[in-house]
Amino acid sequence: MEGPGGRTRGCGATHCYGCACDTCANSVELLSWYVTIGEAVEPCFSCDDCRHYDGDLRKRSQWHDATCPRYIEAKKAREARARQEEKRAQALRATFKVIKGGRDHV
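Summing up its helical and strand segments, the protein has 2 helices and 0 strands in all. By the burial criterion, 27% of the 106 residues in the protein qualify as buried. Looking at the protein alone, contacts between residues at least 24 apart form 44% of all its contacts between residues at least 6 apart. Of the roughly 8000 Å² of accessible surface on the protein, a fraction of 54% belongs to carbon and sulfur atoms.

Okay, structure coming up:
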């Protein structure tokens, strides 16, 4: 399922999966185990005024992508993404088959 801005929604920390705020260290809506102490520069309250966060259609859309000027990817989010990419790469490597043959094969 795609969210506003074409970002794919996945499993994240906030209610609006796929929004950049979901992995931003500055977001005040992230739970404490998603952020390492000291990595947030400036607290961001963008989610409080966003219709996607609580479903209140009277609010405007605050859906952000990675081009937000306050966006800082949380260290734990980077680590989780790296683990997910490595797991996917291992699954793809497992599908490779070695084919014997060629010019030098007798």
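This paragraph deals with a nonpolar patch on the surface. Together, L31, W33 and Y34 line one region of the surface with nonpolar side chains, adding up to about 320 Å² of accessible area. The residue L31 is located in the segment before α1 (51-54) in this model. For L31, a relative accessible area of 39% corresponds to the partly exposed category.

In this section: the environment of E42. In this structure, E42 sits in the segment before α1. Classification of E42 by relative accessible area gives partly exposed; the value is 42%. Separated by 17 residues in the primary sequence, E42 and A25 have C-alpha atoms spaced 9.0 Å apart. Excluding its chain neighbours within four sequence positions, the residues that come into contact with E42 are N26 and R70.

Attention now moves to the pattern of salt bridges. For the structure on display, the rule yields 3 salt bridges. Taking the shortest distance from any N to any O, the salt bridge between E85 and R81 comes out at 3.7 Å. With E85 and R81 both in helix α2 (residues 75-94) and 4 residues apart, the pair spans about one turn of that helix. Taking relative accessible area as the criterion, R81 reaches 36% and is therefore assigned partly exposed. Two residues, E86 and R93, come together in a salt bridge whose shortest N-O distance is 3.5 Å. Here R93 falls in the partly exposed class, since its relative accessible area comes to 45%.

This brings us to the confidence of the model for the protein. For any part of a model where pLDDT is low, the fine detail of the predicted coordinates should not be relied upon. Chain-level statistics for the protein give a pLDDT mean of 75 and a share of 72% at 70 or above. With pLDDT under 50 throughout, residues 1-13 is counted as low confidence; its partners more than four residues away or in other chains account for 33 contacts.

Rules behind the numbers
- Residues numbered from 1 in each chain as written.
- Predicted model: local features only at pLDDT ≥ 70, side-chain atom pairs only at ≥ 80, totals over all residues.
- Heavy atoms only, no water.
- Helix = DSSP H or I, 4+ residues; strand = E, 2+ residues; numbered from the N terminus.
- Buried < 20%, exposed > 50% of the residue type's maximum accessible area, 1.4 Å probe, protein only.
- Contact = heavy atoms within 4.5 Å.
- Areas by Shrake-Rupley, 256 points an atom, 1.4 Å probe, with all protein chains shown as cover.
- Patch = residues over 30% accessible without salt bridge, like charges linked within 9 Å, V, L, I, M, F, W, Y side chains within 5 Å.
- Salt bridge = Lys/Arg side-chain N within 4 Å of Asp/Glu carboxyl O.
- pLDDT = per-residue confidence, 0-100.

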